[in-house]
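Structural description and commentary
For reference, the chains in residue letters:
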Amino acid sequence: MAECSVKKLFEPASVAIIGASENPGKIGYNVLRNLVESGYKGKIYPINPKGGSAFGINMYKSIEEVPGEVDLVTITIPAKLVLGAVKQCAQKKVKFLSIITSGFSEVGNTAEEKEMVEIARASGMRILGPNIFGIYSANASMNATFASGVIDPGGVAILTQSGALGIAMIGKTKVENIGLSAMVSIGNKCDIDESDLLEYLIDDPKTKAIMMYMEGVKGGQKLIKTLKKVTKVKPVVVIKSGRSKRGAAAAASHTGSLAGADNIFDAVMKQCNVHRAYSIGEALDWCKFLAEAPQVKGENAVIITNGGGIGVLAADACEQYGIKLDVDLAKLKDAFATVTPSFGSLKNPIDITGGAGMADYEKCIRTAFERKDIHSIIILGCETAVLDGNAMQGA
Ligand code: ACO
């Protein structure tokens, strides 16, 4: 099998930082610090024309001086100097660039961005960014970002077009106890896009669920094809901003994106089996659940509830999100009649009523587990004097 085209971006054997600095106030200092502190085992080459050293590593004065091959170069120098650095990296036969620097197509400087891509294409080099905060990859214990603090490894991969949102999401994942397999900032996506990155994540055993924050779509057909392939294997959750007129204008100046018609995006995501979330909190909640939950073997769900109202709300939500509640009602009645009160409801939702305690729930859940025609169980519980919410959560 051919090696994934972006494997070395996620698992580089060596990383250089053009613009590494001894000054803690600089982005180049912080990328170097994160790389060292995340335990990256490959070779690290900090580059600064002044020389010096940081974290016990001597700086090289230029990329040409670096001995041996360089898989990934992170660029943290001002925009006017980037093109020169890209040319030097191309000559050095660097494989990937992660260009953190802002000041390209998002501010109308499309010509220089195009030139960078042409130089890269001619030498076989690929570009992540520009206008990003970097890349984290659990497979390489590599934090090549300027986010603050440690990133905990885990099962969720995040691809984000917004750098600041990505950094905020790292903070939120820590609070919510969600581990990351990867965090990739894609910014203006002048070359590498979501589809390229998904090709790696699809086969990555550490990645159990994927979340994407998008402002605009480039290469729509390629993305549709890739998403259809990925969602057969693992869940994908997307947040797409720029849904309103003003939001679309903001996206254009943030990452140079064309937001496009939202209803079309929505329909396409449905076709690709992608879950669409409308807030970061919602998307992370889903990813946390999806990364930990086993793959369901079929599409029929059963709702078990002690409250009629929340059962109705859940049934509505199931319809909205395409969750099927189509288990044969006669069979449900047969199975659950002995474990539910006579005044309950044996339709789906199964309402075991407000008098139900933990023991009643347990009987119902066991019954549901035994049935081959029930593939997932949605358990709802309104806390009452006879139902201890804490005990239920812990069960
Ligand atoms: N090769 C290597 N190092 C060089 C070179 C070169 N050719 N030229 C300069 N340097 C060194 C500088 O000497 C400096 O090191 P020093 O601290 O030892 O003096 C270092 O590189 C950085 O250069 P500065 O001129 O000090 O640039 P500065 O750090 O102020 O800014 C930066 C560079 C951060 C890339 C800035 O131009 C920029 O684009 N900032 C925005 C980044 C951003 O927001 N990204 C987007 C998403 S993230 C988000 O939204 C939160």
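Residues numbered from 1 in each chain as written. Predicted model: local features only at pLDDT ≥ 70, side-chain atom pairs only at ≥ 80, totals over all residues. Heavy atoms only, no water.

**Some points on the overall build of the chain**
Helix and strand content of the chain: 14 helices and 17 strands. On the principal axes, the C-alpha backbone points of the chain span a range of 80 × 45 × 45 Å. Counting only carbon and sulfur atoms, one obtains 55% of the accessible surface of the chain, whose full area is about 18,600 Å². Charge separation in the chain, taken as the distance between the mean sites of 44 positive and 41 negative side-chain charges, equals 4 Å. (Helix = DSSP H or I, 4+ residues; strand = E, 2+ residues; numbered from the N terminus. Areas by Shrake-Rupley, 256 points an atom, 1.4 Å probe, with all protein chains shown as cover. Lys, Arg positive; Asp, Glu negative; His and termini not counted. Charge placed at Lys NZ, Arg CZ, Asp CG, Glu CD.)

**With respect to helix 4 (residues 110-123)**
Given a rise of 1.5 Å per residue, 14 residues ought to cover 20 Å, and the 20 Å separating the end C-alpha atoms of helix 4 matches this to within 8%. Three or more residues of helix 4 are buried, namely E113, M116, V117, I119, A120 and S123. Angularly, the buried residues of helix 4 cover 160 degrees about the axis, an arc narrow enough to put them on a single face. For helix 4, exposure combined with an orientation more than 90 degrees from the buried face picks out A111, K114, E118, R121 and A122. In this structure, the buried side of helix 4 is in contact with helix 3 (79-91), strand 6 (96-99) and strand 7 (126-128). Immediately beyond the C-terminal end of helix 4, within one or two residues, lies G124, with a positive phi of roughly 85 degrees. (Expected span 1.5 Å × (residues − 1). Buried < 20%, exposed > 50% of the residue type's maximum accessible area, 1.4 Å probe, protein only. Arc of directions from axis to C-beta. Contact = heavy atoms within 4.5 Å.)

**Structural notes on the packing of helix 3 against helix 4**
It is at 9 Å that the axes of helix 3 and helix 4 come closest, and there the two elements cross at 10 degrees. Between helix 3 and helix 4, the interaxial angle falls into the category roughly parallel. Only E112, E115, M116, I119 and S123 of helix 4 make contact with helix 3, whose side of the interface consists of A79, V82, L83, V86, K87 and A90. (Axes fitted to C-alpha atoms, helices over the stretch in contact; angles between N-to-C directions. Parallel < 35°, antiparallel > 145°, perpendicular 65-115°, else oblique.)

**A look at the pattern of salt bridges**
Under the defined criterion, the tally for this structure stands at 19 salt bridges. With its nearest N and O atoms 3.3 Å apart, the salt bridge here joins E11 to K7. Judged by its relative accessible area of 28%, E11 is partly exposed. A relative accessible area of 30% places K7 in the partly exposed class. A salt bridge links D191 to R121; its shortest N-O distance comes to 3.0 Å. Placement of D191 in the loop between strand 11 (180-185) and helix 6 (194-201) and of R121 in helix 4 is noted, with a sequence separation of 70 residues between them. You can call D191 buried: its relative accessible area is 9%. Taking relative accessible area as the criterion, R121 reaches 56% and is therefore assigned exposed. Each of R121, R126, D191, D193, D196 and K222 takes part in salt bridges that share partners, so that together they form one network. (Salt bridge = Lys/Arg side-chain N within 4 Å of Asp/Glu carboxyl O.)

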